[in-house]
Amino acid sequence: MVDLRTRYLGLNLRSPLVASSSPLTGTLEGLVRLEAAGAGAVVLPSLFEEDLAEETRQVDALLATGATGAEARASHPDQAGYGAGPAAYLSLVEQAKQALSIPVIASLNGVSRSGWVRYAARLEQAGADAIELNIYYVSSRPGSSASEVEWHYLDVVRAVRQAIGIPLAVKLSPYFSSLANLAGQLVEAGAGGLVLFNRFYQPDLDIETMEVLPALELSSSVELRLPLRWIAILHRRFGVSLAASTGVHTAEDVVKVLLAGADVAMMTSALLRNGPDHLRSLEVRLRDWMDGHRYEMVDQFRGRTSQRAVADPAAFERANYIQTLASRPMPNR
Ligand SMILES: Cc1cc2nc3c(=O)[nH]c(=O)nc-3n(C[C@H](O)[C@H](O)[C@H](O)COP(=O)(O)O)c2cc1C
C-alpha cells in the first residue's frame, strides 16, 4: 500500500496535496469539502495588512471584553478574507480547527512592519497550525535598491516570527536578482518554509476605454516550470520546507514537483477549475504512478531530480539554456 504521508513546516500531513490560499478555502463548507477530497492541509485566504490596519483596534477592544472570535464575528459575513475583516477570519480559523483534522494554515498578506503584525499572534491563539506570510510588493520607486527591497522582506519576516510560536512559511515572487541568497536570509530571519511562488496579477489595458482592467486568469501547467526549477535548486539547501505553488494541475505536475524536491504541491487554479473533488483523482493517479515505479513512500523519490548533486547550479542552468535554444524548432520557410 502506497504511503503518501509527508512533512511540511514540521507538521505531519497525510498527503502532499495542499489547497492553497483562495476563495475555496475561505468558507467552512469549502474547507470540509477539501479535507473530504483528500487535501493534506489547507491554507486560508489572506488577511491583508490594509484590512487589519483599520480593524485591529475594534477587534482588540472586542476581544479584550472576553468575546471569542466566534462571538466577535456575529455581525460579519460568512466568507473570511478579501475584506471580510479580522473577526470573521479568526472565527473561520476556530471553526476550521474544530471541524478538520488536517493542519489549518492561516495566511497574512502585508508589506511593512507595523501594528498588523501583532495579528499573527491572534491567529495562533485561534488555533492556526502555521502561518503563511505573503509579501506582495511591486517595487516601483527608482530610488529603492534591490537590497532595500530585500531588507523590507526580511524585516517583516522577523517581526512576524517574533510574534508567534508556530511555524512560519513565506510566499514570495520569483522576481529577485539572487533568489538563492534571499532564500537563505529568509530562513535566517525565521522562515521555516518557502512557498514558490506567489503569482503576480498583471492588469491589462482596454484600448477603447483606455482603462486599466484587473485581469485574474487561472494558471496552466506551463507555469509550473519556474517553481520546478527553483525547488530543484533550493531542495535541501537550507533545511527549509518547500511548497510548489503556481501551475500544479495534474498528477504528473505533482510527481514533477516532488521529484524536484518539494514537500507539498499546492493548488488553487486546478481546484477552482475542477472543484475540490479533483484532489481525489490526483491522489489515485499519484498512487498509480508510485505503484508503477515501485515506490512505497514519497521520500523514496522526493528530490531525485533536484540540483543537489550539481556542483554549480548556475553553470548547469546556463548549459541547459544554451542547449534549449540550440534545439529550437526551425521555421518551415
Ligand atoms: C481567486 C484567487 C484568489 C487568491 N487569493 C489569494 C490570497 O488571498 N492569498 C494568497 O497568498 N494567494 C492567493 N491566491 C494565489 C493562490 O494561492 C496561488 O498561489 C496562485 O493562484 C498560483 O497557484 P495555482 O497555479 O495553483 O493557481 C489567489 C488565487 C486566486 C486565483
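Located above this text is the structure these notes cover.
In this text the structure is predicted, and so the values were computed from the model without any measurement.

A look at the site of the ligand
Here comes step 1: Around the ligand, the structure places 21 residues, and the nearest of them are Ser46, Tyr82, Asn134, Ser219 and Ser269.
Here comes step 2: Between the ligand and Ser21, the relevant distance is 2.7 Å, taken from an oxygen atom to a main-chain nitrogen or oxygen of the residue.
Here comes step 3: Lys171 places a polar side-chain atom, nitrogen or oxygen, 2.8 Å from an oxygen atom of the ligand.
Here comes step 4: With the chains in place, 93% of the 610 Å² that the ligand exposes on its own is no longer accessible.
Here comes step 5: Taken together, the elements giving at least two residues each to the shell around the ligand come down to strand 4 (41-48) and helix 10 (269-274).

Focus on unusual backbone geometry
Here comes step 1: The step from Leu196 to Phe197 runs through a cis peptide bond, and the omega angle for that step is 10°.
Here comes step 2: By the secondary structure assignment, Phe197 is in the loop between strand 8 (193-196) and strand 9 (204-206).
Here comes step 3: Within the chain, Arg236 stands out as a residue other than glycine whose phi angle is a positive 60°.
Here comes step 4: Inspection of the secondary structure puts Arg236 in the loop between helix 8 (225-234) and strand 11 (241-244).
Here comes step 5: Unlike most non-glycine residues, Arg294 shows phi in positive territory, near 60°.

With respect to helix 7 (residues 179-189)
Here comes step 1: Buried residues of helix 7: Leu179, Leu182, Ala183, Gly184, Leu186 and Ala189, and no others.
Here comes step 2: Tucked inside the fold, the buried residues of helix 7 contact helix 6 (146-163), strand 7 (168-172), strand 8 and helix 8.
Here comes step 3: Of the residues one or two after helix 7, Gly190 is the one with positive phi, at around 125°.

What to know about the packing of aromatic side chains
Here comes step 1: Taken as a whole and judged by the stated rule, the model has four aromatic pairs.
Here comes step 2: Aromatic side chains Tyr153 and Phe176 sit 5.2 Å apart centroid to centroid with 90° between the ring planes, which places their arrangement in the edge-to-face category. Pair noted here: Tyr153 is in helix 6 and Phe176 is in the loop between strand 7 and helix 7, with a separation of 23 residues, a long-range link. In terms of burial, Tyr153 and Phe176 fall into one category: buried.

Topic: the sheet that holds strand 11
Here comes step 1: Taking strand neighbours around the barrel as the criterion, the eight strands line up as 3-4-5-6-7-8-11-12 in a closed arrangement whose pairing is parallel. Strand after strand, the sheet turns through a mean of 25° between neighbouring axes, direction not considered.
Here comes step 2: Of the pairings in the sheet, the one linking strand 4 to strand 5 (residues 104-109) comprises five bridges and is parallel in character. From the neighbouring strand, Val43 faces strand 5, where its bridge partner is Ile105.

A short note on the nonpolar core
Here comes step 1: Judged by nonpolar contacts, the single largest core of 84 residues is most densely connected at Leu123 and Leu194.
Here comes step 2: Residues in contact with Leu194, not counting those within four places in the same chain, are Val170, Leu172, Ala183, Leu186, Leu234, Val240, Ser241, Leu242 and Ala243.
Here comes step 3: Grouped together as the second largest cluster of nonpolar side chains are 14 residues, Ala130, Ala169, Val195 and Val264 included.

Regarding the pairing of strand 5
Here comes step 1: Of all the six residues making up strand 5, six are buried; the element is thus mostly covered by neighbouring parts of the structure.
Here comes step 2: Because side chains alternate across strand 5, one face comprises the buried residues Val104, Ala106 and Leu108, and the other comprises Ile105, Ser107 and Asn109, equally buried.
Here comes step 3: Taking the sense of rotation as the criterion, the β-α-β connection linking strand 5, helix 5 (residues 119-125) and strand 6 (residues 130-134) turns out right-handed.

Quick look at the environment of Ala265
Here comes step 1: Along the chain, Ala265 falls in strand 12 (residues 264-267).
Here comes step 2: Each C-alpha atom of the pair Ala265 and Pro16 lies 5.8 Å from the other, and the pair is 249 residues apart in sequence.
Here comes step 3: Excluding residues within four positions of it along the chain, Ala265 makes contact with Pro16, Leu17, Val18, Ala244, Val248, Val254 and Val257.

Describing the pairing of strand 12
Here comes step 1: The two faces of strand 12 match: Val264 and Met266 on one face and Ala265 and Met267 on the other face are all buried.
Here comes step 2: Pairing between strand 3 (residues 17-19) and strand 12: three bridges, direction parallel. Paired with Ala19 across the bridge in strand 12 is Met267.
Here comes step 3: Two strands pair when backbone bridges link them, and strand 11 and strand 12 are joined in this way by two bridges, in the parallel orientation. Note on strand 12: the bridge partner recorded for Ala243 is Val264.
Here comes step 4: At this point the chain moves from strand 11, through helix 9 (residues 251-260), to the parallel strand 12, and the crossover so formed is right-handed.

Some details on the pattern of salt bridges
Here comes step 1: Following the criterion strictly, the structure yields eight salt bridges and no others.
Here comes step 2: Between Lys97 and Asp129 there is a salt bridge whose closest N-O contact spans 2.9 Å. With Lys97 in helix 4 (residues 86-99) and Asp129 in the loop between helix 5 and strand 6, this residue pair connects regions lying 32 residues apart in the sequence.
Here comes step 3: Shared partners join several salt bridges into a network, and the residues in it are Arg14, Glu283 and Arg287.

Criteria and cut-off values
Residues numbered from 1 in each chain as written. Predicted model: local features only at pLDDT ≥ 70, side-chain atom pairs only at ≥ 80, totals over all residues. Heavy atoms only, no water. Near = heavy atom within 4 Å. Polar contact = N/O pair within 3.5 Å; in protein donor to acceptor, adjacent residues only side chain to side chain. Areas by Shrake-Rupley, 256 points an atom, 1.4 Å probe, with all protein chains shown as cover. Helix = DSSP H or I, 4+ residues; strand = E, 2+ residues; numbered from the N terminus. Buried < 20%, exposed > 50% of the residue type's maximum accessible area, 1.4 Å probe, protein only. Contact = heavy atoms within 4.5 Å. Phe/Tyr/Trp six-rings, centres within 6.5 Å; stacked < 30°, edge-to-face > 60°. Pairing = 2+ DSSP bridges. Axes fitted to C-alpha atoms, helices over the stretch in contact; angles between N-to-C directions. Core = buried A, V, L, I, M, F, W, Y, C linked by side-chain atoms within 4.5 Å. Right-handed = clockwise from strand over helix to strand, strands pointing away. Salt bridge = Lys/Arg side-chain N within 4 Å of Asp/Glu carboxyl O.

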